[in-house]
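Remarks on the overall topology
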Amino acid sequence: RALVASVVWIALSASAVAEQSLNRVMAVVNEGVITEADLNREVSLTEMELRSAGRIVPPRDVLLPRLLEELIVDALLLGVAARLSIVVSNQELAYALMTIAQQNGLSLTQLRAAITDTGVAFEDYESDLRKQLIIRQLINREIRRQITVSAQEVDEYLAQNPIADAPTPLELELAHILLNSSSDASETEIVEVHSRAED
């Protein structure tokens, strides 16, 4: 009986495994792999982002090769970032999520619900955002390290591109402005600074 029970259990286990879809390896990148589940998750995220931006979502057979290439490049960049000890803290991730929510006129709870409603797990969205923040830090760090602009280059650029060629009207988007006033400023000076800040 024990032998028969074992054979039945093995047969049931084998059929259960056969029913599950295999998570195929799509690419090997250094010591890591990109699986079919990773690629499907990236497709879902991309489709959600395109829909929310009001853009046309290409067919999956068009998206798949492009996104697989992006995943490979991202894996290589993340490997470099790991060697350079570049990380994104939970606080930085929370700030980025809050910024995205505010830009869309939502609270963090509403953003979570909106993402979940599209069929994308919020944890996948967070993971992808953390990955993109790490890659951005890496790129910014490398750009700052490799690029220097001399005063002479600035002067040459301004000579070749006069201010008159600047687009008009000039629009600036300002997040934080500090207008100093001395501690012994008069009431008139304070009102003047306040007026400038409002303008």
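Just so it is clear, the structure is predicted and the values come from calculations on it, not from any experiment.

This next bit is on the overall build of the protein. Helix and strand counts for the protein come out as eight helices and two strands. Scanning the protein from its N terminus toward the C terminus, one meets helices and strands in the order α-β-β-α-α-α-α-α-α-α. Taken over 199 residues, the protein has a buried fraction of 19%. A separation threshold of at least 6 residues defines the contact pool for the protein, and within that pool the share at least 24 residues apart is 60%. A total accessible area of about 15500 Å² is found for the protein, and carbon and sulfur atoms account for 56% of it.

Not every positive phi belongs to a glycine, and Asn30 is a case in point at roughly 50°. Turning to its location among the elements, Asn30 is positioned in the loop between strand 1 (25–29) and strand 2 (32–35). Its identity as a non-glycine residue notwithstanding, Ser85 has a phi of 60°, on the positive side. Among the secondary structure elements, Ser85 is positioned in the loop between helix 3 (60–83) and helix 4 (90–103).

Counting 19 residues, the largest nonpolar core has Leu93, Leu97, Leu111, Ile115, Tyr125, Leu129 and Leu133 as its most contacted members. Listing elements by their share of this core, those giving two or more residues are helix 2 (36–52), helix 4, helix 5 (108–117) and helix 6 (122–146). Here this core gets six residues from one element, more than from any other, and that element is helix 6. Look past the residues within four positions of Leu93 in its chain and what remains in contact with it is Val88, Glu126, Leu129, Arg130 and Leu133. Counting nine residues, the second largest nonpolar core, distinct from the first, contains Ile34, Leu63, Leu67 and Leu71.

Under the defined criterion, the tally for this structure stands at one aromatic pair. With 6.2 Å between their ring centres and 25° between their planes, Phe122 and Tyr125 make a pair best called stacked. One end of the pair, Phe122, and the other, Tyr125, are both in helix 6, three residues apart, so they sit about a helical turn from each other. Overall, the relative accessible area of 3% leaves Phe122 in the buried class. With a relative accessible area of 12%, Tyr125 lands in the buried category.

Another point: helix 3. The end-to-end C-alpha separation of helix 3 is 34 Å, in line with the 34 Å expected for 24 residues at 1.5 Å each. Every buried residue of helix 3 is listed here: Leu63, Leu67, Leu68, Leu71, Asp74 and Ala81.

Relative to strand 2, strand 1 runs antiparallel, the two sharing four bridges. When the sheet's bridge partners are listed, Val25 is paired in strand 2 with Thr35. Here strand 1 folds back onto strand 2, and the loop between the two strands holds two residues, one of which, Asn30, carries a positive phi near 50°.

Right, let's get into the confidence of the model for the protein. For the protein, the mean per-residue pLDDT works out to 80, and 86% of the residues sit at or above 70. In the predicted structure, residues 1–20 sits below a pLDDT of 50 and forms zero contacts with residues beyond four places in sequence or in another chain.

The subject of this paragraph is the packing of helix 4 against helix 6. At a minimum axis separation of 10 Å, helix 4 and helix 6 run at an interaxial angle of 105°. Overall, the two elements helix 4 and helix 6 adopt an arrangement that is roughly perpendicular. Residue-level contacts link Asn90, Glu92, Leu93, Ala96, Leu97 and Ile100 of helix 4 to Phe122, Tyr125, Glu126, Leu129, Arg130, Leu133 and Gln137 of helix 6. A per-class count over the contact of helix 4 with helix 6 returns eight nonpolar, two polar and three charged.

About the cut-offs
Residues numbered from 1 in each chain as written. Predicted model: local features only at pLDDT ≥ 70, side-chain atom pairs only at ≥ 80, totals over all residues. Heavy atoms only, no water. Helix = DSSP H or I, 4+ residues; strand = E, 2+ residues; numbered from the N terminus. Buried < 20%, exposed > 50% of the residue type's maximum accessible area, 1.4 Å probe, protein only. Contact = heavy atoms within 4.5 Å. Areas by Shrake-Rupley, 256 points an atom, 1.4 Å probe, with all protein chains shown as cover. Core = buried A, V, L, I, M, F, W, Y, C linked by side-chain atoms within 4.5 Å. Phe/Tyr/Trp six-rings, centres within 6.5 Å; stacked < 30°, edge-to-face > 60°. Expected span 1.5 Å × (residues − 1). Pairing = 2+ DSSP bridges. pLDDT = per-residue confidence, 0-100. Axes fitted to C-alpha atoms, helices over the stretch in contact; angles between N-to-C directions. Parallel < 35°, antiparallel > 145°, perpendicular 65-115°, else oblique. Nonpolar A, V, L, I, M, F, W, Y, C, P; charged D, E, K, R; others polar.

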